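Each chain is listed here by its residues.
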Protein chains: 2
Amino acid sequence: MTRRSLGARTLLFPTPMLIVGTYDADERPNGMAAAWGGVCCSRPPCIAVSLRAATYTHGSIVAGGCFTVSIPSEQYVREADYMGIYSGRDVDKFVALGLTPERAQHVHAPYVAEFPIVLECKLAHTIELGLHTQFVGEVLDVHAHESALDAEGNPDVERILPVISDVGKRRYYGLGKKLANAWEIGRRDA
Amino acid sequence: MTRRSLGARTLLFPTPMLIVGTYDADERPNGMAAAWGGVCCSRPPCIAVSLRAATYTHGSIVAGGCFTVSIPSEQYVREADYMGIYSGRDVDKFVALGLTPERAQHVHAPYVAEFPIVLECKLAHTIELGLHTQFVGEVLDVHAHESALDAEGNPDVERILPVISDVGKRRYYGLGKKLANAWEIGRRDA
């Protein structure tokens, strides 16, 4: 198979659509879309989000030492995209979008009440990588809409319907069909 | 909407399926599946993968200071799952799966020739977070199968067809339908 070099770029598939929630110095709630992030540790449970220092949310995380991550379902793709285009410096995005900024229970940060999954995070590490600062948050709690859970109470991605970002061609996608069970299809005796 | 607390857990949607490629001390190629990872900086372009110290790949990255990330297409979900179940200590996974370990051009590490997208990474930061070590790799090059590129030479997620991991219910999914254009549907004038 012929391969073509694309140069030194940040192309990873899939990337998530994460809404990072913070209060600013005036206690105004803000939410910012981020695709640079992921899980980074199981114990303690930690996730990472990377933000440019120029963003409004960056300053709020540094000042407050905490944040939430709300995961939008695909029905909110317009609202989530808006949260990646405009700055909380200029507009109250929750008001503009008619979304509800709920106060987190474990940290001083708001989350998007309409979104099915929320992680409440305490800032654990701040790592300067270049254009982006990586914030590692220890997850103090995850909470979910009842409608996002299966009969056993586990989050079900088919009920969450998260947004998948293609940052190469700048498109959002939905979840596709189930391919296989993990830690199962690859077993030698499968 | 009623919300239910699920406790302090690492639930993020979607998570990727990344195959981390290294040579061991005997120059034997190895590939390990990782879901804990993502992009973490745009300049320099960096991605992060988190691995437990107990894994064979962890030692190879520490020793070699580099790794590749190969992104499987959904037709290779079985092979990718296998690479997350078995250890390179015990088996040559490339031989067992009939996959081709190609030598990277910019770093001393192998990649999976059959997989459509590969990132070649030089280890830039090693961050001990707890059970997992986060390895931040500077991306020195991305290369792709010609068949994964659109007419303009850009990687097209609809041709890559990456695997999406649901680590909550331990399932793999394919890519779904296009929802919208990013940095566009959320514009006030859209």
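In case you missed it, the structure is sitting above this.
Residues numbered from 1 in each chain as written. Chains lettered and ligands numbered in written order. Predicted model: local features only at pLDDT ≥ 70, side-chain atom pairs only at ≥ 80, totals over all residues.

Would you mind going over the overall build of chain A in detail, with residue names and values included?
When helices and strands are tallied, chain A shows four helices and 13 strands. Along the longest, intermediate and shortest principal axes, the C-alpha atoms of chain A span 60 × 45 × 35 Å. By residue count, 55% of the 190 residues in chain A fall in the buried class. Counting only contacts in chain A whose residues sit at least 6 apart along the sequence, the fraction spanning at least 24 positions is 61%. (Helix = DSSP H or I, 4+ residues; strand = E, 2+ residues; numbered from the N terminus. Buried ≥ 20, exposed ≤ 12 C-beta atoms within 10 Å, placed from the backbone. Contact = placed C-beta atoms within 7 Å.)

How would you explain the relation of the copies chain B and chain A if you had to name every residue and give the values?
One copy of the chain maps onto the other through a rotation about an axis followed by a shift along the same axis. Its rotation angle being 180 degrees, the transformation that places chain B on chain A also includes 0.0 Å of axial translation and leaves an RMSD of 0.0 Å. Seen this way, the second copy is the image of the first under a two-fold rotation axis. Rotation axis and chain B: the residue whose C-alpha lies nearest the axis is G176 of chain B, separated from it by 1.7 Å. The residues that chain B uses at the interface reappear at the interface of chain A in 100% of cases, marking a shared surface. (Least-squares fit on C-alpha atoms with pLDDT ≥ 70 in both.)

So what's going on with the pairing of strand β11 (residues 132-145) of chain B? Residues and values would help.
Where a strand is regular, its side chains alternate between the two sheet faces. β11 of chain B sits mainly inside the fold: twelve of its 14 residues count as buried. Sheet topology note: the strand β1 (residues 3-7) of chain A/β11 of chain B ladder contains four bridges and is antiparallel. Considered in β11 of chain B, the bridge of S5 of chain A is made with H143 of chain B. In terms of strand pairing, strand β6 (residues 46-52) of chain B meets β11 of chain B through seven bridges, oriented antiparallel. Bridge pairing in β11 of chain B links I47 of chain B to G137 of chain B. Examined bridge by bridge, strand β10 (residues 117-128) of chain B and β11 of chain B share eleven bridges and lie antiparallel to one another. (Pairing = 2+ DSSP bridges.)

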